[in-house]
Amino acid sequence: MKLKRFLYKKVKSTNNTAIRLINCGNDNGIISAEIQTKGKGQRANKWISNKGNIFISIFFQINSKFSLKKITTTNLSILKKIISNQVTKKINIKLPNDILINKKKVCGILQEIIYQNNHKYLIVGIGINIISSPNILNYPTTYLNKYSKKKINKIKIINNIKLNFEKKYKG
């Protein structure tokens, strides 16, 4: 599978943008935005999108027999590996959808399934704190540059995510 790139300066939500692109006939893609004004988290929570961090959504067609639990574990594993290559600290997965450094959230995913024209699509929204993290009451957060010896290149991370998803879901 080769993901088509969709680059935006500003969106409300990369997942909502993915839904719009699917409704317009796109079968797959990776959406990235510099600014996300209404990012979505699990259970209708808001994803706070500080400028300079990563906000992407990957979408592609899936068959009806897939296991959401298995695909969630796979997607978190892909992101854990990519993040682990950037920092010296141990990375942990906190189910159902978070990646942590020192028990603080550095990355989250939001997966949504939609149906369009008798096809089933998976949307994987990914937020990674690179240069800053929000202050959230009762939920500690952090960012990657805090644990890296060199400044992390956001574009390289996004390209690496794209390549790993293309390889894993080659179709």
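The coordinates are above.
So, how was this worked out
- Residues numbered from 1 in each chain as written.
- Predicted model: local features only at pLDDT ≥ 70, side-chain atom pairs only at ≥ 80, totals over all residues.
- Heavy atoms only, no water.
- Helix = DSSP H or I, 4+ residues; strand = E, 2+ residues; numbered from the N terminus.
- Rg over C-alpha atoms; globule rule 2.2 N^0.38 Å.
- Buried < 20%, exposed > 50% of the residue type's maximum accessible area, 1.4 Å probe, protein only.
- Contact = heavy atoms within 4.5 Å.
- Expected span 1.5 Å × (residues − 1).
- Polar contact = N/O pair within 3.5 Å; in protein donor to acceptor, adjacent residues only side chain to side chain.
- Phe/Tyr/Trp six-rings, centres within 6.5 Å; stacked < 30°, edge-to-face > 60°.
- Lys NZ or Arg CZ within 6 Å of the ring centre and 35° of its normal.
- Pairing = 2+ DSSP bridges.
- Axes fitted to C-alpha atoms, helices over the stretch in contact; angles between N-to-C directions.
- Parallel < 35°, antiparallel > 145°, perpendicular 65-115°, else oblique.
- Left-handed = near helix turned anticlockwise from the far one by under 90°.

Draft legend 1. Fine view of the overall build of the protein. Assigned secondary structure in the protein consists of three helices and nine strands. Going from the N terminus to the C terminus, the protein shows its helices and strands as β-α-β-β-β-β-α-β-β-β-β-α. Here the protein has a C-alpha radius of gyration of 15 Å; the compact-globule value for 171 residues is 16 Å, and the two agree. For the protein, the spread of C-alpha atoms along the three principal axes comes to 45 × 30 × 30 Å. In the protein, buried positions account for 50% of the 171 residues. A sequence separation of at least 24 residues applies to 66% of the contacts in the protein between residues at least 6 apart.

Draft legend 2. Here's a closer look at the side chain of S148. Along the polypeptide, S148 turns up in the loop between β9 (119–128) and α3 (154–168). Excluding anything up to four places from it in sequence, S148 contacts Q86 and V87.

Draft legend 3. Looking closely at α3. In this model α3 runs 21 Å from its N-terminal to its C-terminal C-alpha over 15 residues, within 8% of the 21 Å that 1.5 Å per residue would give. Turning to α3, its buried residues are I157, I158, I161, K162, N164, F165 and E166. Packing partners of the buried residues in α3 comprise β1 (5–11), β2 (29–36), β5 (54–62), α2 (68–84) and β9. The opening residue of α3, the one whose side-chain oxygen lies 3.0 Å from the backbone nitrogen of I155, is N153.

Draft legend 4. Expanded view of the packing of aromatic side chains. Under the definition given, this model contains three aromatic pairs. The interplanar angle of 35° and the centroid separation of 5.9 Å between the aromatic rings of F165 and Y169 together place this pair among those described as tilted. Grouping residues by exposure puts F165 and Y169 together as buried. Pairwise contacts between aromatic rings join F60, F165 and Y169 into one cluster. When the ring centre of Y139 is taken as origin, the NZ or CZ atom of K105, which lies over that ring, is 5.6 Å away.

Draft legend 5. Expanded view of the pairing of strand β6 (residues 91–94). The pairing of β6 with strand β7 (residues 98–101) spans four bridges and is antiparallel. Among the inter-strand pairings, I91 is bridged to a residue of β7, identified as I101.

Draft legend 6. Spotlight on the pairing of β9. Along β9, nine of the 10 residues are buried, which leaves the element largely enclosed by surrounding structure. Both β5 and β9 contribute to a ladder of nine bridges, which runs antiparallel. In the strand pairing of β9, I58 is matched with V124. Bridge analysis of strand β8 (residues 104–116) against β9 gives 10 bridges, and the strand direction is antiparallel. Following the sheet pairing, I114 is matched in β9 by Y121. Between the antiparallel neighbours β8 and β9 lie two residues, among them N117 with a positive phi of about 50°.

Draft legend 7. Seen up close, the packing of α2 against α3. Packing of α2 against α3 leaves a shortest axis separation of 10 Å and a crossing angle of 140°. When the axis of α2 is compared with that of α3, the two are oblique. As α2 runs across α3, the sense of the crossing is right-handed. Residue-level inspection shows T74, N75, I78, L79 and I82 of α2 in contact with α3, the latter providing I157, N160, I161, N164, F165 and K168.

Draft legend 8. Here's a closer look at the sheet that holds β6. Taken together, the seven strands give an open sheet; going across it, the order is β1-β2-β5-β9-β8-β7-β6, and neighbouring strands pair in mixed fashion. With partners counted over all chains shown, the strands left at the sheet margins are β1 and β6, one partner each. Put simply, the sheet's adjacent strands are angled 20° from each other on average, direction ignored. Where β7 lies against β8, four bridges are found, and the strand directions are antiparallel. Within β8, the residue paired with I99 across the bridge is C107. Strands β6, β7, β8 and β9 of the sheet are contacted by α2, whose axis makes an angle of about 140° with β8. On top of the sheet, α3 reaches β1, β2, β5 and β9; it is set at about 15° to β5, its chief contact.

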